Amino acid sequence: LPPGSGGAGGAGTGTPVDIPDGAPGNPGDECPPWIIWFIYHSLIPDGAIPGGNTLPLPVFTSTVVTGSPVGQVQTHFMDQAEFGAPVEYQKLGNDVIVGAGGIQYALNGLPPTFPVTGIQVTIQHNCAIPGCIQLIGLRGGQEVGSTATQQVNPLEPETLLLYDPGSLPFDGFILVGTGFTFDHWWITIIDP
């Protein structure tokens, strides 16, 4: 976005008969709007979330919950062995608070007509160094892309966007790090 411009026409050459110049290329098509689905974390009960816990969370097409969800994701809170250090998770009102740990999302509970090729996460954090929180995309259980926080002690939430330029779908992702909070609607998955 915006659509790319068409290329210039090629110059015709040749002897003894001249080949005419080529016509300019057509402009590219505009990308269709993203289709965004919201993972609904508010169904997690308030209080401490035990490490090793896996919860099925519904997915909706908007932040207004009406009707049935359009799918669900299995949401796994890593335990100490998986994270490699003590973990701490809490749900308080609309917020999920990660003192330390990682949350892994399995996307195989979504309809096959919704290939997830983008993941957007907005978090509030107090990291003193860039890269302390990572968003990792998975395909077949293997890491196929990642991005990380860049801001240091930001006053406003920071958004991470992980997008596969090859348009191959992710089948899961991990949000991992220390000292961050997100609202129950701030983790979204994207079908472009």
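Model, not experiment: these values are computed from the prediction. (Residues numbered from 1 in each chain as written. Predicted model: local features only at pLDDT ≥ 70, side-chain atom pairs only at ≥ 80, totals over all residues. Heavy atoms only, no water.)

Observations regarding the overall build of the protein chain
Alright, step 1. A tally of regular secondary structure across the protein chain gives 1 helix and 12 strands.
Alright, step 2. Seen in sequence order, the protein chain has helices and strands lined up from the N terminus as β-β-β-β-α-β-β-β-β-β-β-β-β.
Alright, step 3. Relative to its length of 192 residues, the protein chain is extended, with a C-alpha radius of gyration of 22 Å against a globular reference of 16 Å.
Alright, step 4. When its C-alpha atoms are laid out on the principal axes, the protein chain stretches across 85 × 40 × 30 Å.
Alright, step 5. By residue count, 37% of the 192 residues in the protein chain fall in the buried class.
Alright, step 6. Intrachain contacts of the protein chain at a sequence separation of at least 6 include 67% that bridge at least 24 residues.
Alright, step 7. Accessible surface for the protein chain amounts to roughly 10,100 Å². Of this, 56% is attributable to carbon and sulfur atoms. (Helix = DSSP H or I, 4+ residues; strand = E, 2+ residues; numbered from the N terminus. Rg over C-alpha atoms; globule rule 2.2 N^0.38 Å. Buried < 20%, exposed > 50% of the residue type's maximum accessible area, 1.4 Å probe, protein only. Contact = heavy atoms within 4.5 Å. Areas by Shrake-Rupley, 256 points an atom, 1.4 Å probe, with all protein chains shown as cover.)

Here we look at the pairing of strand S11 (residues 172–183)
Alright, step 1. Most of S11 sits out of view: 9 of its 12 residues are buried.
Alright, step 2. The pairing of strand S7 (residues 118–125) with S11 spans 2 bridges and is antiparallel. Bridge pairing in S11 links Gln 124 to Thr 181.
Alright, step 3. Inspection of the sheet shows strand S8 (residues 134–139) paired to S11 by 5 bridges, in the antiparallel sense. The partner of Gln 134 across the bridge, within S11, is Val 176. (Pairing = 2+ DSSP bridges.)

A word on the pairing of strand S3 (residues 54–60)
Alright, step 1. The buried count for S3 comes to 5 of 7 residues, which makes it a mostly enclosed element.
Alright, step 2. Of the strand pairs in this sheet, strand S1 (residues 35–39) and S3 are connected by 2 bridges, and their pairing is antiparallel. Within S3, the residue paired with Phe 38 across the bridge is Phe 60.
Alright, step 3. Where S3 and strand S4 (residues 71–77) come together, 6 bridges link them in antiparallel fashion. Bridge assignment links Val 59 to a residue of S4, and that residue is Gly 71.

Thoughts on the state of the cysteines
Alright, step 1. Going through the model one piece at a time under the given rule, you end up with 1 disulfide.
Alright, step 2. One disulfide in the model links Cys 127 with Cys 132; its S-S distance is 1.7 Å. Between Cys 127 and Cys 132, the S-S dihedral sits near 100°, and the bridge is therefore right-handed.
Alright, step 3. Accessibility expressed as a relative area gives 4% for Cys 127, which makes it buried. (Disulfide = S-S within 2.5 Å.)

Scope: geometric values only; no functional claims are made or implied.
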